[in-house]
Amino acid sequence: MREEHPLDDEVVSLPDRVDRARRRISYQSDPALTDALSEDELRAERELAEKIRTYERDQRWKQIKAASTHADRLRETTEELERAEMADLMLARKAIAAQRRESNPRARLASLYQHRTWSLRALAGVVIAGMLWSAVNVQHNIAPGGPSDPLYWASFGLEAMISVCLIIIMIGTTRVSEWGVIGNRTQVMVAEMFLLTLTIALNTYPHLSAGNWYDAAVHAVAPVMIGVALLIHNAASARYATAIARASAEIPADDADDLLAAPRMGDLAPNNT
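Owing to the predicted nature of the structure, the values given are computational and were not obtained by experimental measurement. (Residues numbered from 1 in each chain as written. Predicted model: local features only at pLDDT ≥ 70, side-chain atom pairs only at ≥ 80, totals over all residues. Heavy atoms only, no water.)

Looking at the nonpolar core
So, point 1. Core analysis: the largest hydrophobic core is formed by 13 residues, its most contacted members being V127, L166, I226 and L230.
So, point 2. Counting residues per element, this core draws most heavily on helix α5 (residues 150–177), which supplies 4 residues.
So, point 3. In contact with L230, other than residues within four places in its own chain, are V127, L166, M170 and L196. (Core = buried A, V, L, I, M, F, W, Y, C linked by side-chain atoms within 4.5 Å. Buried < 20%, exposed > 50% of the residue type's maximum accessible area, 1.4 Å probe, protein only. Helix = DSSP H or I, 4+ residues; strand = E, 2+ residues; numbered from the N terminus. Contact = heavy atoms within 4.5 Å.)

Regarding the packing of aromatic side chains
So, point 1. Using the criterion set out here, one finds 0 aromatic pairs in the structure.
So, point 2. The ring of W118 has R121 sitting right over it, with the charged end atom 5.2 Å from the ring centre. (Phe/Tyr/Trp six-rings, centres within 6.5 Å; stacked < 30°, edge-to-face > 60°. Lys NZ or Arg CZ within 6 Å of the ring centre and 35° of its normal.)

Considerations on a negative patch on the surface
So, point 1. Together, E76, E79, E80, E82, E85 and D88 give the surface a local cluster of negative charge.
So, point 2. By secondary structure assignment, the location of E76 is in helix α3 (residues 39–103). (Patch = residues over 30% accessible without salt bridge, like charges linked within 9 Å, V, L, I, M, F, W, Y side chains within 5 Å. Areas by Shrake-Rupley, 256 points an atom, 1.4 Å probe, with all protein chains shown as cover. Salt bridge = Lys/Arg side-chain N within 4 Å of Asp/Glu carboxyl O. Lys, Arg positive; Asp, Glu negative; His and termini not counted. Charge placed at Lys NZ, Arg CZ, Asp CG, Glu CD.)

Thoughts on the packing of α3 against helix α4 (residues 105–142)
So, point 1. Between α3 and α4, the shortest axis-to-axis distance is 5 Å and the interhelical angle comes to 90°. Judged by the angle between their axes, α3 and α4 are roughly perpendicular. On α4, the residues that touch R101, E102 and S103 of α3 are P105, A107 and R108. (Axes fitted to C-alpha atoms, helices over the stretch in contact; angles between N-to-C directions. Parallel < 35°, antiparallel > 145°, perpendicular 65-115°, else oblique.)

Things to note about the confidence of the model for the protein
So, point 1. Confidence in the prediction of the protein, expressed as mean pLDDT, is 77, and 79% of residues score 70 or more.
So, point 2. The weakest mean pLDDT in the protein belongs to helix α10 (residues 265–268) at 46; the strongest belongs to α3 at 91. (pLDDT = per-residue confidence, 0-100.)

Some thoughts on the packing of α4 against helix α8 (residues 221–250)
So, point 1. Where α4 meets α8, the axes come as close as 9 Å, and the angle between the chain directions of the two elements is 165°. On the basis of their axis angle, the class for α4 and α8 is roughly antiparallel. Where α4 crosses over α8, the two elements pack in a sense that is left-handed.
So, point 2. In terms of residue class, the contact of α4 with α8 is made up of 22 nonpolar, 7 polar and 3 charged. (Left-handed = near helix turned anticlockwise from the far one by under 90°. Nonpolar A, V, L, I, M, F, W, Y, C, P; charged D, E, K, R; others polar.)

Shown next as structure tokens:
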């Protein structure tokens, strides 16, 4: 029997090695060998995919918020523009109405009458306030002893007499000036000057007799304001009366008759009888 040598074994196994090598060549270039992901790579890809989807969701949400914010701003801007246009429209209408009132004789007459009413009321308020101040001051000068002194109450009546006369002159001047009556103006002025001088003297005589000129001037402010208010009241009454007469003359006769013949609310009420 012949002894086998190790080299012979290698030669015998060589065909198998060749066959295995050929099969290996046929598969080693297959992309699956390199493209197949390992478990670690699969986990990494999974985490990456989740991060990508999270990022895309965040981006979509930001886009929705930006679109919503843009829509809100657009709506607010539109509303502001509409409000501005409405304000301009209302201002234009007011301007047109004011222009029409200025050019309309009836509107001008009504505005003039309204201004006269409020002006004369304000002046009357000034006179009344000055009279109240003067009444208290005169009462203190004549009867400083208190309510137990009979002159304490009589002094109010003294100032009331002066005040009533001044109020009658003021109201009477307004009423007669509306009819263009300006007669006996000198007598009225003399009466006003006498009453004002009397009330100034009653307010200041204790301080004048004591030589205290500052206190006398302070206590003379109220009666002096009464005199100023009376002068303004008389002048304003005459001016307003003249202006109302001229404004009434500018209204056509037909329009004036229509205004005077306008039905009253009581005339428009249904007759149930």
